[in-house]
Amino acid sequence: MASLLGTSSSAAAAAILASTPLSSRSSKSAVFSLFPSSGQSQGRKFYGGIRVPVKKGRSQFHVAISNVATEISPAQEQGQKLAEESQRPVYPFAAIVGQDEMKLCLLLNVIDPKIGGVMIMGDRGTGKSTTVRSLVDLLPEIKVISGDPFNSDPDDQEVMSAEVRDKLRSGEKLPISRTKINMVDLPLGATEDRVCGTIDIEKALTEGVKAFEPGLLAKANRGILYVDEVNLLDDHLVDVLLDSAASGWNTVEREGISISHPARFILIGSGNPEEGELRPQLLDRFGMHAQVGTVRDAELRVKIVEERARFDKNPKEFRESYKAEQEKLQNQIDSARNALSAVTIDHDLRVKISKVCAELNVDGLRGDIVTNRAARALAALKGRDKVTPEDIATVIPNCLRHRLRKDPLESIDSGVLVVEKFYEVFA
């Protein structure tokens, strides 16, 4: 984005210099032709730019913060869509064989993002990354403010950038569009600046504007942040994720400027337990925990190999063969999201859920909250408006088993303790 905007400014600068006689080209004239004084027009308005006008006779920049990020133009939006369409084809979610526990946890988080994400741990080569990335096709559309780099919700101030909130309060009408929920990959080698965002140096040099360049957390707002091999993530990035996941906001302190923006996302992580466990603080931030094992049935293994071979041979044809199933599943998710607010859970069931959590000695109340939310999401997925004990029995192992570990050196329980305690309380 920065390079596109910077290129046009560089070209304009070159044109100005070319039209100026050599004798009149001084360092001052070059600077002032590129950086207008305070009495001149500032040119293009930057959505979230931090203006730094250069005034004659002063050696320092005087910063006037007007916004917090650069605007996404319609041409750039179109370019992003074309780039998405030209990306490599994704394996269809409906074509994933087995791994029902992992698929259910992912679907429930799409239906109710407030569940808080899912941690997927299992053997290597069991389709963890493939399944998560295949979720892209099923993600519903959401309403966003057009051109806003933070995917601000026009109806909810909690996930709205400060700039958008101020404009709405002043009575300004902002264009609204619909877009698919983002899925953002967080690479293991990412720098903190790339994750949190940084000051756009190129824009500062070429246009005299200090502009905040949003990072991956801004892009993931109201979307999904996926970390493959999350147990190998550097500690400083883990701290950044913990801070954003706890507050729902990302605060960037750079060059004497403090900028905050909403960063509410579904955190999805995957990893192999043999390569190391997660810190308990980060593990507790995942709403649900799914365990994935290697398929042992020979017939099922053959089917998986054949389906993968078909996809590798002709991805387009393979995706087309699952189009009807994908659309059916997408409609089911949309219906569940719309019906979620009407789903109820009886008070005595809530009491029993909390009793299970208390008797398992689960720290805090996050386990209670997530279990309630997941049970309601499952009932909505099944097309019911009331939670049953069967719904709770299905989701409670995934919501609680990763919260039982007191010692970081202990392994995560397989869910047997949770199931035993559930039947003891609900009997």
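Shown above is the structure to which this text applies.
Residues numbered from 1 in each chain as written. Predicted model: local features only at pLDDT ≥ 70, side-chain atom pairs only at ≥ 80, totals over all residues. Heavy atoms only, no water.

Draft legend 1. Seen up close, the overall build of the protein chain. Tallying secondary structure elements over the protein chain gives 18 helices and 13 strands in all. A buried classification covers 45% of the 427 residues belonging to the protein chain. If you take every contact in the protein chain between residues at least 6 apart in sequence, the share linking residues at least 24 apart comes to 73%. Carbon and sulfur atoms form 52% of the exposed surface of the protein chain, whose accessible area is close to 21500 Å². (Helix = DSSP H or I, 4+ residues; strand = E, 2+ residues; numbered from the N terminus. Buried < 20%, exposed > 50% of the residue type's maximum accessible area, 1.4 Å probe, protein only. Contact = heavy atoms within 4.5 Å. Areas by Shrake-Rupley, 256 points an atom, 1.4 Å probe, with all protein chains shown as cover.)

Draft legend 2. The nonpolar core, seen in detail. Core analysis: the largest hydrophobic core is formed by 57 residues, its most contacted members being Leu 106, Leu 108, Ile 120, Leu 135, Ile 268, Met 288 and Ile 392. Sort the elements by how many residues they give to this core and helix α16 (residues 366–381) lands first, with 8 residues. Looking at this core, you find at least three residues from each of domain 1 (88–139 + 180–296) and domain 2 (342–426). Those residues in contact with Ile 392, other than ones at most four positions away along the chain, are Ile 345, Leu 349, Ile 353, Thr 371, Ala 375, Val 387, Phe 422 and Phe 426. (Core = buried A, V, L, I, M, F, W, Y, C linked by side-chain atoms within 4.5 Å. Domains from an automatic or database assignment.)

Draft legend 3. Representation of the sheet that holds strand β3 (residues 118–122) within the structure. The parallel open sheet is built from 5 strands, whose spatial order is β6-β9-β12-β3-β13. Strands with a single pairing partner mark the edges of an open sheet, and in this sheet they are β6 (183–185) and β13 (288–292). Pairwise comparison of adjacent strand axes, ignoring direction, gives a mean angle of 20° for this sheet. In this structure, strand β9 (residues 223–228) lies alongside strand β12 (residues 265–271), joined through 6 bridges in parallel fashion. Across the sheet, residue Asp 228 finds its bridge partner in β12, namely Ser 270. (Pairing = 2+ DSSP bridges. Axes fitted to C-alpha atoms, helices over the stretch in contact; angles between N-to-C directions.)

Draft legend 4. Seen up close, the packing of aromatic side chains. All chains considered together, the criterion is met by 6 aromatic pairs. Considering the side-chain rings of Phe 422 and Tyr 423, the 5.2 Å spacing of their centres and the 80° angle between planes classify their relative orientation as edge-to-face. A relative accessible area of 52% places Tyr 423 in the exposed class. Between Phe 422 and Phe 426, the aromatic rings sit 4.2 Å apart at their centres with planes inclined by 25°, giving stacked as the arrangement. (Phe/Tyr/Trp six-rings, centres within 6.5 Å; stacked < 30°, edge-to-face > 60°.)

Function cannot be read off these values alone, since they describe shape.
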